[in-house]
Amino acid sequence: MTKQQRRRIISLLQIGVALTVGAAISIRLASYSVPFFLLTACALGTAGSVLSALLNIEQAWTATTHRCTAPGCDFRVRIQHADAGESRRWQEIAAAHPTHNAV
């Protein structure tokens, strides 16, 4: 299985989990005779929030962060799915950026 296929499967699983959570909320609200359009809005809002959270968790897990090495500088670069050469290039860019933000 290639990395691209693995990413597609993970994306489909994330969407499936988000839709399942949205549907579960909708089913629970339907027992209280909530109108259809309000059920739909709640289900889509919940699904969107869950999907956003899952995407943020995936990004935090798979991303590589390179920071400036200067004391007090908060500059950073976050990359995902880069090979070793690309990661090294961004590490050098982060270390040699022209502005340093002192905190």
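This one's a predicted model, so the numbers in the text were calculated from it and none came from an experiment.

Each value, and the rule that gives it
Residues numbered from 1 in each chain as written. Predicted model: local features only at pLDDT ≥ 70, side-chain atom pairs only at ≥ 80, totals over all residues. Heavy atoms only, no water. Helix = DSSP H or I, 4+ residues; strand = E, 2+ residues; numbered from the N terminus. Salt bridge = Lys/Arg side-chain N within 4 Å of Asp/Glu carboxyl O. Buried < 20%, exposed > 50% of the residue type's maximum accessible area, 1.4 Å probe, protein only. Pairing = 2+ DSSP bridges. Disulfide = S-S within 2.5 Å. Patch = residues over 30% accessible without salt bridge, like charges linked within 9 Å, V, L, I, M, F, W, Y side chains within 5 Å. Areas by Shrake-Rupley, 256 points an atom, 1.4 Å probe, with all protein chains shown as cover. Polar contact = N/O pair within 3.5 Å; in protein donor to acceptor, adjacent residues only side chain to side chain. Contact = heavy atoms within 4.5 Å.

Notes on unusual backbone geometry
Excluding glycine, most residues fall at negative phi; most peptide bonds, likewise, are trans.
So, point 1. With a phi close to 60°, Ser33 is a non-glycine residue in the positive phi region.
So, point 2. The phi torsion at His81 lies on the positive side, around 55°, for a residue other than glycine.
So, point 3. The residue His81 is located in the loop between β2 (76-80) and α3 (84-95) in this model.

Notes on the pattern of salt bridges
So, point 1. Under the counting rule described, the total for this entry stands at 2 salt bridges.
So, point 2. With a shortest N-O distance of 3.2 Å, Glu86 and Arg89 are connected by a salt bridge. Of the two residues, Glu86 and Arg89 both sit in helix α3, 3 residues apart, roughly one turn of that helix.
So, point 3. Between Arg88 and Glu92 there is a salt bridge, with its nearest N and O atoms 3.4 Å apart. You can see Arg88 and its partner Glu92 sitting in helix α3, 4 residues apart, about one turn around the helix.
So, point 4. Residue Arg88 is classed as partly exposed on the basis of its relative accessible area of 45%.
So, point 5. By relative accessible area, which is 45% here, Glu92 ends up partly exposed.

Details of the pairing of β2
So, point 1. Residue alternation in β2 divides its side chains into a buried set, Val77 and Ile79, and an unburied set, Arg76, Arg78 and Gln80.
So, point 2. For strand β1 (residues 63-67) and β2, the ladder comprises 5 bridges, and the chain directions are antiparallel. Across the sheet, Arg67 pairs through a bridge with Arg76, a residue of β2.

Focus on the state of the cysteines
Disulfides are covalent bonds that link the sulfur atoms of two cysteine residues.
So, point 1. Applying the stated rule across the entire model yields 0 disulfides.
So, point 2. With no disulfide of its own, Cys68 lies closest to Cys73 among cysteine sulfurs, the gap being 3.7 Å.
So, point 3. Judged by its relative accessible area of 13%, Cys73 falls in the buried class.

Comments concerning a nonpolar patch on the surface
So, point 1. Taken together, the side chains of Met1, Ile9 and Leu13 define a hydrophobic patch exposed on the protein surface, amounting to about 340 Å² of accessible area.
So, point 2. For Ile9, the position within the fold is in helix α1 (residues 3-30).
So, point 3. Accessibility expressed as a relative area gives 40% for Ile9, which makes it partly exposed.

Digging into the side chain of Gln14
So, point 1. In this fold, Gln14 is placed in helix α1.
So, point 2. Assessed through its relative accessible area of 9%, Gln14 is described here as buried.
So, point 3. A distance of 3.3 Å separates polar atoms of two side chains, one belonging to Gln14 and the other to Glu58.
So, point 4. What Gln14 contacts, discounting residues up to four positions off in sequence, is Leu51, Leu54, Leu55 and Glu58.

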